[in-house]
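# A structural walkthrough
The primary structure of each chain is shown beneath.
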Amino acid sequence: MSELNRIKIVLLGDFATGKTSICKKYTNDKFEEKYLTTIGMKVYKKDLSKKQIQLCIWDIANDGMTNAIPIEYLKGTRAVLIIADLANRSSINNIPRHMDTALQIDENIKAAIVLNKTDLRPFSEDDSMTVKKIMQDYTSNWISEPFAISVKCDESFDNVFMKIIESVTSEVNL
Ligand SMILES: Nc1nc2c(ncn2[C@@H]2O[C@H](COP(=O)(O)OP(=O)(O)O)[C@@H](O)[C@H]2O)c(=O)[nH]1
Ligand SMILES: [Mg+2]
């Protein structure tokens, strides 16, 4: 089998927004043995053989605020997903803090916002305004409109990862 192109994606966001749940559901719990306990990071893998891609999704337990995430762990990241919880307003307000971490990787790092737990609270007009305002500060980074999902209830949120792949690979093929 020909070698798969590895694409590293990092999930950032407040504690309990659903980062680990997203990784587990999307990859069916497939993770590398390597568990970086010092910073609480686990790498999940998903092979998309048809596309000749292996996604490596880095799930950082550390919330990135109390202890900074060492920059060496972020190296090689092609895109970042910022996860927030619709039932927890402060996790939405903290999106810029996570974006500031992401910008350490590269000021043009590709990013998308995922608003999780629509089963607890729908994505309201009010949330939409708040997120739009946040997005105005990082216009060169977004690869998509925000995604509103429920890891608990949605059958699939493959579209989130497909959008990232599309964006990363179109850059390579230029
Ligand atoms: N109701 C609801 N709960 C969720 C959803 N996604 C995750 N959770 C729950 O939120 C809690 C935190 O999830 P976890 O994935 O550990 O968050 P993390 O700290 O960001 O990794 C857990 O109890 C999950 O079961 C969702 O879409 N809806
Ligand atoms: Mg977690």
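This text goes with the structure placed above it.
Attention here is on the structure that accompanies the text. In this text the structure is predicted, and so the values were computed from the model without any measurement.

Now for the overall build of the protein chain. Across its full length, the protein chain carries 6 helices and 7 strands. The buried share of the protein chain, taken over its 174 residues, is 32%. Counting contacts in the protein chain only where the partners sit at least 6 residues apart, residues at least 24 apart contribute 72% of the total.

As a further point, take the site of ligand 1. Close contacts around ligand 1 come from 15 residues, with Gly18, Lys19, Thr20, Ser21 and Lys152 the closest. Per-element tally for the shell around ligand 1: the top contributor is helix H1 (residues 19-27), with 3 residues. Split into classes, the residues belonging to the shell around ligand 1 amount to 4 nonpolar, 7 polar and 4 charged.

Here we take up the nonpolar core. Counting residues in each nonpolar core, the largest one holds 37 residues, and the members touching the most others are Ile9, Val10, Leu11, Val80, Leu81, Ile82 and Ala111. Among the secondary structure elements, those contributing two or more residues to this core are strand S1 (5-13), H1, strand S4 (53-60), strand S5 (77-85), helix H4 (95-105), strand S6 (110-116) and helix H6 (158-172). In terms of residues, this core owes the most to one element, S5, which gives 6 residues.

Counting buried residues in S5 gives 9 out of 9 residues, a clear majority hidden from the surface. The pairing of S1 with S5 spans 6 bridges and is classified as parallel. Looking at S5, one finds that Leu12 is bridged to Ile82. Both S5 and S6 contribute to a ladder of 7 bridges, which runs parallel. Of the residues in S6, the one forming a bridge with Asp85 is Asn116.

This paragraph deals with H1. Along H1, the residues classified as buried are Lys19, Ile22 and Cys23. Buried residues in H1, looked at end-on, bunch into an arc of 95 degrees, giving them a common side. Its buried side turned inward, H1 meets S1, strand S3 (41-48), S4 and S5. In the segment just after H1, Asn28 is the residue with positive phi, at about 55 degrees.

What counts as what
- Residues numbered from 1 in each chain as written.
- Chains lettered and ligands numbered in written order.
- Predicted model: local features only at pLDDT ≥ 70, side-chain atom pairs only at ≥ 80, totals over all residues.
- Helix = DSSP H or I, 4+ residues; strand = E, 2+ residues; numbered from the N terminus.
- Buried ≥ 20, exposed ≤ 12 C-beta atoms within 10 Å, placed from the backbone.
- Contact = placed C-beta atoms within 7 Å.
- Near = placed C-beta within 6 Å.
- Nonpolar A, V, L, I, M, F, W, Y, C, P; charged D, E, K, R; others polar.
- Core = buried A, V, L, I, M, F, W, Y, C linked by C-beta atoms within 7 Å.
- Pairing = 2+ DSSP bridges.
- Arc of directions from axis to C-beta.

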